[in-house]
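Summary of the model geometry
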Amino acid sequence: MSSTKTVLSALQRRCGFTLEMTEALIGGAAIDEKGDPFPDESLEQCLKSDSVLLSCIGGYKWDTNPRELRPETGLLKMRKSMGLFANLRPAKVLSQLIDASTLKREVVEGVDVMVVRELTGDVYFGTPKGIDVVD
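Residues numbered from 1 in each chain as written. Predicted model: local features only at pLDDT ≥ 70, side-chain atom pairs only at ≥ 80, totals over all residues. Heavy atoms only, no water.

**Section: the environment of Ala24**
To be explicit about the condition: Strands here mean DSSP runs of E at least two residues long; helices mean DSSP runs of H or I at least four residues long; both are numbered from the N terminus. Whether a residue is buried, partly exposed or exposed follows from its accessible area with a 1.4 Å probe, protein chains only, as a fraction of its type maximum: under 20%, in between, or over 50%, in that order. We call two residues contacting when some pair of their heavy atoms lies within 4.5 Å.
Considering the arrangement of structural elements, one finds Ala24 in the loop between α1 (2-15) and α2 (27-34). According to the relative accessible area criterion, Ala24 is partly exposed, its value standing at 38%. For Ala24 and Leu43, which are 19 residues apart along the polypeptide, the C-alpha to C-alpha distance reads 8.3 Å. Once residues lying within four places of it in the same chain are set aside, the contact partners of Ala24 are Ser42 and Gln45.

**A short note on the state of the cysteines**
Condition: Note on disulfides: each one is a pair of cysteine sulfur atoms within 2.5 Å.
Taken as a whole and judged by the stated rule, the model has zero disulfides. Cys56 supplies the cysteine sulfur nearest to Cys46, a cysteine that is in no disulfide, at a spacing of 16 Å.

**A word on the pattern of salt bridges**
We count it as follows: A carboxyl oxygen of Asp or Glu within 4 Å of a side-chain nitrogen of Lys or Arg is what we treat as a salt bridge.
Applying the stated criterion across every chain, the model contains seven salt bridges. One salt bridge connects Glu23 with Lys5, and the closest N-O pair in it is separated by 2.5 Å. One end of the pair, Glu23, is in the loop between α1 and α2; the other, Lys5, is in helix α1, with 18 residues separating them in the sequence. Overall, the relative accessible area of 65% leaves Glu23 in the exposed class.

It is worth stressing that arrangement in space is one thing and function is another; only the former is reported here.
In structure tokens:
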């Protein structure tokens, strides 16, 4: 997130606009500090903001936590509480990295797409009901 904030600061100076940024805990950092993957005060901060910029929220450290104390549980709570409906996933192939791809150059050269991932269905927010072992 620090690199993103550096870029945003440079853009503000160069383009003559201002952003007021505040931070709130989510995911692993929230679990470590508050024992909750998305504390109520973080939700309140998000709800009173014009937009939310999200960084990485998890890591191996929390992989063995019970479901209610996993970073992605905080992300799901944020999405559901705020009524968020999509992820925007840009995919652009940089010319310097074309030869690093496992795909052929003619397949990836010039790729510049935006993938919109829907987040509204019950499958996405469904509550796990358990696992049955059948012999």
